[in-house]
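Breakdown of the fold
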There are 2 protein chains.
Amino acid sequence: MIQAIDHVGIAVRDIEASKALYSKLFGVKEFHEETVEAAGATVASFMINGVRIELVSPLAEDTPLGRYLAKNGDGLHHVAFRSSDINSDIQELKHGSFDFIYDEPIPGAHNMLVTFLHPKTTGGVLFELCAPKPQS
Amino acid sequence: MIQAIDHVGIAVRDIEASKALYSKLFGVKEFHEETVEAAGATVASFMINGVRIELVSPLAEDTPLGRYLAKNGDGLHHVAFRSSDINSDIQELKHGSFDFIYDEPIPGAHNMLVTFLHPKTTGGVLFELCAPKPQS
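Attention in this report is confined to the structure presented alongside it.

Conventions adopted
Residues numbered from 1 in each chain as written. Chains lettered and ligands numbered in written order. Predicted model: local features only at pLDDT ≥ 70, side-chain atom pairs only at ≥ 80, totals over all residues. Heavy atoms only, no water. Pairing = 2+ DSSP bridges. Helix = DSSP H or I, 4+ residues; strand = E, 2+ residues; numbered from the N terminus. Contact = heavy atoms within 4.5 Å. Axes fitted to C-alpha atoms, helices over the stretch in contact; angles between N-to-C directions. Least-squares fit on C-alpha atoms with pLDDT ≥ 70 in both.

**Looking at the sheet that holds strand β8 (residues 127-132) of chain B**
Whether parallel or antiparallel, the strands of a sheet pair through hydrogen bonds between backbone atoms. Residue and element names in this part refer to chain B. Read across the sheet, eight strands follow the order β2-β3-β4-β1-β5-β8-β7-β6 without closing on themselves; strand pairing throughout is mixed. Looking at strand neighbours, the two that pair on one side only are β2 (32-36) and β6 (106-107), the edges of this open sheet. Both β2 and strand β3 (residues 41-48) contribute to a ladder of five bridges, which runs antiparallel. If you follow E33 over to β3, its bridge partner there is A44. Contacting β1 (2-11), β2, β3 and β4 (51-58), helix α1 (residues 15-26) runs over the sheet at an angle of about 5 degrees to β3. Its contacts with the sheet place helix α2 (residues 64-72) against β1, β3, β4 and β5 (75-83), and it is angled at close to 85 degrees to β4.

**Regarding the relation of the copies chain A and chain B**
Think of it as a corkscrew move, a rotation about one axis and a shift along it, taking one chain copy to the other. Placing chain A over chain B gives an RMSD of 0.0 Å and needs a rotation angle of 180 degrees, together with 0.0 Å of translation along the axis. One copy is carried onto the other by what is essentially a two-fold rotation axis. Minimal C-alpha separation from the rotation axis in chain A is found for L76 of chain A, amounting to 3.3 Å. The residues that chain A uses at the interface reappear at the interface of chain B in 100% of cases, marking a shared surface.

The values reported here are purely geometric and, on their own, carry no functional implication.
What follows is the structure, encoded as structure tokens:
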């Protein structure tokens, strides 16, 4: 089940310049930073009252995010929702005629499994579903 | 001070079709709906765990939102933050070299006063500040 907004993702070309901008705008003192190889992106994020703001920057131009930025420029990129059971939500939404970019969730930031609903089936919005990786 | 994410705004051309889509996606049973004349928009919204999702549709093509949709199509439009003192936040951010679309807040949905940071000064993202209207 979809439980809550986990984060808002903002596509940025220059992550250091963006960190400086968001420090000034929201008084952010510290960013959580990590490289997410499966998504081909660097992620710098901070929390505002329980919702994360994620700045995502491509590791290379030839990645989905790199191509997105080349076409659209910096800006709002996706909204992510926490799921209590991501595989069950994927199956249920697929039966409801939504398509996913990954039918099997892939590793995301913050030790999460993630997938994205295809924007062609959601009126142009890139929605992410995410859930903590099961403990192994 | 900026306190929390209030809502995520999604620009849509056909509000009835979008309500049907979001009902299916999130199981929404009821939308709050209102016309916001000052913004030239119809707003249909619902809550997910304390954060509102707002579907915004222009009242006419010749409005800022109508022109946005003509250029960009349906999709993520803005992220709004609740402010504890919107006039003080506007002044403080203006000194920090951010520009606003409205230096004086205008009436928004949900009995709020609202303004928007100019995307040219925020790396392409349309951020809204909002605060409850003072009781008169």
